[in-house]
Amino acid sequence: MRRRAATGRPPKLDDAQVETVRAALERGAQAHGFEADLWTLERVGDVVERVTGVVLSRASVWRLLTGRLGWSLQRPERRAVERDESEIARWIAHEWPRIKKGP
């Protein structure tokens, strides 16, 4: 039995272009002029278009990131600016055991 050729539309980006996109994305969002260093599908799509000249839909950008690049969804933790790690550690070490024991 012979193996049949893959059916369906060929990918818009070849392997060399995908590696170019990977390198561009690894530099970070701020390196591409974005205010925050967070990637969104729209931002990745803009970078893909700038680097390769190929316009991708949001769904195609998602498939590029998860399928061809092997990346996964990451959400930043929301933390208060006023958060004091040393005070939290002190509370856990001293106050929490006292509260847990009860009266």
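The preceding data block contains the structure.
Along each chain, numbering runs from 1 in the same order as the chain's sequence is written. The predicted nature of this model means local features are confined to residues of pLDDT at least 70 and side-chain atom pairs, given and counted, to a pLDDT of 80 or more, with totals for whole chains, interfaces and linings taken over all residues. Excluding hydrogens and water, the side-chain values take into account all heavy atoms of the structure.

Chemist: So what about the overall build of the chain? Which residues, and what values?
Modeler: Secondary structure elements are defined from DSSP: runs of H or I of at least 4 residues count as helices, runs of E of at least 2 residues count as strands, and each element is numbered from the N terminus. A tally of regular secondary structure across the chain gives 4 helices and 0 strands. N-terminal to C-terminal, the α/β element order of the chain is α-α-α-α. Relative to the globule expectation of 13 Å for 103 residues, the C-alpha radius of gyration of the chain, 23 Å, shows a markedly less compact shape. For the chain, the C-alpha atoms occupy an extent of roughly 75 × 45 × 20 Å along the three principal directions. Relative accessibility under 20% of the residue-type maximum defines a buried residue, over 50% an exposed one, and the middle range a partly exposed one, all with a 1.4 Å probe and only protein chains included. Expressed as a percentage of its 103 residues, the buried residues of the chain come to 21%. For this analysis, residues touch if any pair of their heavy atoms sits within 4.5 Å. For the chain, long-range pairs separated by at least 24 residues make up 44% of all intrachain contacts whose partners lie at least 6 apart in sequence. We compute the radius of gyration from the C-alpha atoms alone; for a globule the expected value is 2.2 Å times N to the 0.38, where N is the number of residues.

Chemist: For a nonpolar patch on the surface, give the residues involved together with the corresponding values.
Modeler: Taken together, the side chains of Trp 91, Ile 92, Trp 96 and Ile 99 define a hydrophobic patch exposed on the protein surface, amounting to about 400 Å² of accessible area. Mapped onto the elements of the fold, Ile 92 is located in helix 4 (residues 85-101). Residues forming no salt bridge and having over 30% relative accessible area are the ones grouped into patches, like charges within 9 Å of each other and nonpolar side chains (Val, Leu, Ile, Met, Phe, Trp, Tyr) within 5 Å. For accessible areas, the Shrake-Rupley method is used with a probe of radius 1.4 Å. Any residue's cover is judged against the shown protein chains and nothing else. Salt bridges, as used here, are contacts in which a Lys or Arg side-chain nitrogen is within 4 Å of a carboxyl oxygen on Asp or Glu.

Chemist: Which residues make up the packing of helix 2 (residues 41-52) against helix 3 (residues 58-68), and what values do they have?
Modeler: Only C-alpha atoms enter the line fits that serve as axes; for helices the fit covers just the stretch in contact. Angles between N-to-C directions range over 0 to 180 degrees. At their nearest, the axes of helix 2 and helix 3 sit 9 Å apart, and the two run at 85 degrees to each other. Here helix 2 is positioned roughly perpendicular relative to helix 3, judged by the angle of their axes. Of the residues in helix 3, those in contact with Leu 41, Glu 42, Val 44, Gly 45 and Val 48 of helix 2 are Arg 58, Val 61, Trp 62, Leu 64 and Leu 65. Asp, Glu, Lys and Arg are counted as charged, while Ala, Val, Leu, Ile, Met, Phe, Trp, Tyr, Cys and Pro are counted as nonpolar; the rest, among them Gly, fall into the polar class. Looking at the contact of helix 2 with helix 3 residue by residue, the class counts come to 7 nonpolar, 1 polar and 2 charged. Here is the rule for angles: anything less than 35 degrees is roughly parallel, anything more than 145 is roughly antiparallel, 65 through 115 is roughly perpendicular, and the remaining ranges are oblique.

Chemist: Tell me about the packing of aromatic side chains, residues and numbers included.
Modeler: Here is the rule: rings of Phe, Tyr and Trp (six-membered ring for Trp) pair when centre to centre is within 6.5 Å. Planes less than 30 degrees apart are stacked, more than 60 are edge-to-face, and the remainder are tilted. A complete count under the given rule lists 2 aromatic pairs for this structure. Between Phe 34 and Trp 39 the ring centres are 6.2 Å apart and the planes differ by 75 degrees, which places this aromatic pair in the edge-to-face class. Given the relative accessible area of 15%, Phe 34 is considered buried. Assessed through its relative accessible area of 27%, Trp 39 is described here as partly exposed.

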